[in-house]
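Structural overview
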Amino acid sequence: MNHAIVTLIASAVIPSTMLAQNQSRFDAWDANKDGKLSREELPEPLRRNFDRVDANKDGSVSRKEDTAFRNRNQNRNGQNSPLSLPDVRILNDLPYANNDNPRQSLDLYLPKKPATDSLPLLVFIHGGGWRAGSKDGAARRLAPFLKGGEYAAASINYRLTDEAHWPAQIHDCKAAIRYLRAHSLKHGIDPERIAVWGTSAGGHLVAMLGVSQGVKGLEGTIGNHIDESSAVQAVINYFGPSELLTMDDHPGTMTHNATDSPEALLIGGPIQENKSKSKNASPVTHAGENDAPTLIVHGTEDPLVPFAQSETLDQILDSAGVESILITVDGGGHGKGFPPSLTKTIRDFLDYHLQDADITVKEQTLSATN
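Overview of the structure. This structure is a prediction, so every number in the text was calculated from the model and none was measured. (Residues numbered from 1 in each chain as written. Predicted model: local features only at pLDDT ≥ 70, side-chain atom pairs only at ≥ 80, totals over all residues. Heavy atoms only, no water.)

1. A word on the overall build of the chain
Assigned secondary structure in the chain consists of 14 helices and 11 strands. Counted over contacts in the chain with a minimum sequence separation of 6, partners at least 24 positions apart contribute 75%. Here the chain displays about 15300 Å² of accessible surface, and carbon together with sulfur accounts for 47% of that area. (Helix = DSSP H or I, 4+ residues; strand = E, 2+ residues; numbered from the N terminus. Contact = heavy atoms within 4.5 Å. Areas by Shrake-Rupley, 256 points an atom, 1.4 Å probe, with all protein chains shown as cover.)

Take a look at the structure:
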């Protein structure tokens, strides 16, 4: 549920390289397959912006209108400018599931001049409510951590809910980790120093990676590297859901118990009618003493994923004896208002756990930026 994706009609900031993904999202929303979107076909958080996108005011949004609106916002925000990473070699669309499904592929970012022969790896997992999003937008997030050649990085796709329901998404993520570990020597990566970072739905998936090592039914059998471990050594969870059944216990702009909510689409039915599966898809269910150290960042005014979701996960991890650090962004929204200082916080957390740096990262409350 990355805010830059879930509210893309309100404030689209999607690179032009994501055209195929945008078309796929349009098709997924077009329930009656008539080539246009009605207000009712749009996800609930986007409906309030319907009139802004419906340029000819005919009561529907055509593919052309959707693309035109998105492009206007891209240009307004300078998002069409290509990101230059001259010191990084990028390997695109590596198939981690031994097939040609683009949703089961990853991009690998390797410094041209690595600081050592065996680098720690930071893997980014995108948000989008498990029903949208792409690995293609990760370069700007990963760029600060690629400077200096001290880290390698990757960004992964996973199957969205128009293609498969839970636990397919975590099966894909674990298959990607196993693939990266299996090919670590080839690419100069240390297989024992892998961290994962995700936003919203991606935050949920990285949290699951951190708590579900060896959990029956969640490892999956995807790809050629089943014998490799899917364990990760550190987790950075940006405002991910942690307990699906309690998401409507706090006010917000989305009804998570609805039949068409992102959580319902993930599970394959209303979450309150599928409690066992909803619990299985909740990180809090699997938390235990052997879980990966976790950094959680969440805004107190998040309208889509309640701040209490991260408070609960942090408390449960703490109780299990797992290092869990909650960074509260006072007044922050769903990925909005996060101060630039968080980049250093992430780097310090990574350096401590993956580089043996003598750095302390403590829980703190930051003020949201405008």
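2. Some remarks on the environment of Phe-239
You can see Phe-239 is positioned in the loop between strand S8 (234-238) and helix H10 (262-267). The sequence separation of Phe-239 and Gly-202 amounts to 37 residues, and the corresponding C-alpha distance is 9.0 Å. For Phe-239, the residues in contact, after removing those within four places along its chain, are Thr-199, Ser-200, Val-297, His-298, Asp-302, Val-305, Ser-310, His-334, Gly-335 and Phe-338.

3. Topic: the nonpolar core
Counting residues in each nonpolar core, the largest one holds 45 residues, and the members touching the most others are Leu-106, Leu-108, Leu-121, Val-123 and Trp-166. Where this core is concerned, the elements lending two or more residues are strand S4 (105-111), strand S5 (119-125), strand S6 (152-156), helix H7 (168-182), strand S7 (189-199), helix H9 (201-211) and H10. Broken down by element, this core gets its largest block of residues, 7 residues, from H7. In this structure, Leu-142, Ala-195, Leu-295 and Leu-342 belong to the second largest nonpolar core, which totals 32 residues. (Core = buried A, V, L, I, M, F, W, Y, C linked by side-chain atoms within 4.5 Å. Buried < 20%, exposed > 50% of the residue type's maximum accessible area, 1.4 Å probe, protein only.)

4. A closer look at unusual backbone geometry
Geometrically, the link from Trp-166 to Pro-167 is a cis peptide bond, its omega value of 10° lying close to zero. Tracing the backbone through its elements, the reader meets Pro-167 in the loop between S6 and H7. Positive phi, close to 60°, is recorded for Asp-93, a residue that is not glycine. Examined against the element boundaries, Asp-93 turns out to sit in strand S3 (residues 88-95).

5. Regarding the environment of Asp-291
As for its placement among the helices and strands, Asp-291 is situated in the loop between helix H12 (283-286) and strand S9 (294-299). Taking the C-alpha atoms as reference, Asp-291 lies 9.1 Å from Ala-234; in sequence the two are 57 residues apart. Of note is the side chain of Asp-291, whose polar atom sits 2.5 Å from the backbone nitrogen of Gly-288. (Polar contact = N/O pair within 3.5 Å; in protein donor to acceptor, adjacent residues only side chain to side chain.)

6. Examining the pattern of salt bridges
According to the stated counting rule, one finds 10 salt bridges in the structure shown. A salt bridge links Asp-172 to Arg-159, with the nearest nitrogen and oxygen atoms 2.9 Å apart. One end of the pair, Asp-172, is in helix H7; the other, Arg-159, is in the loop between S6 and H7, with 13 residues separating them in the sequence. Here Arg-347 and Asp-351 are joined by a salt bridge, their closest N and O atoms 3.0 Å apart. Of this pair, Arg-347 and Asp-351 both sit in helix H14 (residues 342-354), 4 residues apart, roughly one helical turn. Residues Arg-347 and Asp-351 agree in their burial class; the two are buried. (Salt bridge = Lys/Arg side-chain N within 4 Å of Asp/Glu carboxyl O.)

7. Points about the sheet that holds S4
Pairing is mixed across the open sheet formed by 9 strands, whose spatial order is S3-S4-S6-S5-S7-S8-S9-S10-S11. At either margin of the open sheet sits one strand with a lone partner, and together these are S3 and strand S11 (364-367). The mean angle between the axes of side-by-side strands here comes to 20°, regardless of whether they run parallel or antiparallel. Judged from the 6 bridges that link them, S5 and S7 form a sheet pairing that is parallel. Residue Phe-124 lies in a different strand from S7, and its bridge partner there is Trp-197. Against the sheet, helix H13 (residues 307-319) contacts S8, S9 and strand S10 (324-330), and its axis sits at roughly 160° relative to S10. (Pairing = 2+ DSSP bridges. Axes fitted to C-alpha atoms, helices over the stretch in contact; angles between N-to-C directions.)

8. Looking at the packing of aromatic side chains
Tallying each qualifying case throughout the model produces 6 aromatic pairs. Taking the centre distance of 5.6 Å and the plane angle of 70° together, the rings of Trp-197 and Tyr-238 count as edge-to-face. Taken together, the positions of Trp-197 in strand S7 and Tyr-238 in strand S8 put the pair 41 residues apart, joining distant regions of the chain. The class for Tyr-238 is buried, based on a relative accessible area of 6%. With centroids separated by 5.6 Å and ring planes inclined at 85°, the aromatic side chains of Phe-239 and Phe-338 adopt a geometry described as edge-to-face. Taken as a pair, Phe-239 in the loop between S8 and H10 and Phe-338 in the loop between S10 and H14 lie far apart in primary sequence, 99 residues in all. Across the pair, Phe-338 and Phe-239 agree in class, each one buried. By the ring-pair criterion, three or more aromatic residues cluster together here, those being Phe-124, Phe-145, Trp-197, Tyr-238, Phe-239 and Phe-338. (Phe/Tyr/Trp six-rings, centres within 6.5 Å; stacked < 30°, edge-to-face > 60°.)

9. What about the pairing of S9?
With 6 of 6 residues buried, S9 is to be regarded as a mostly interior element. Side-chain alternation along S9 places Thr-294, Ile-296 and His-298 on one buried face and Leu-295, Val-297 and Gly-299 on a second face that is also buried. Where S8 meets S9, 4 bridges bridge the pair, whose relative direction is parallel. Bridge pairing in S9 places Val-235 opposite Thr-294.

10. Brief notes about the packing of H7 against H9
Across the interface, H7 lies against H9 with an axial gap of 10 Å and an inter-helix angle of 65°. As judged from the angle between their axes, H7 and H9 are roughly perpendicular. Handedness of the H7/H9 crossing: right-handed. Contacts between H7 and H9 pair Gln-169, Ile-170, Cys-173, Lys-174 and Ile-177 from the former with Leu-205, Met-208 and Leu-209 from the latter. Residues of the contact of H7 with H9, tallied by class, amount to 6 nonpolar, 1 polar and 1 charged. (Parallel < 35°, antiparallel > 145°, perpendicular 65-115°, else oblique. Left-handed = near helix turned anticlockwise from the far one by under 90°. Nonpolar A, V, L, I, M, F, W, Y, C, P; charged D, E, K, R; others polar.)

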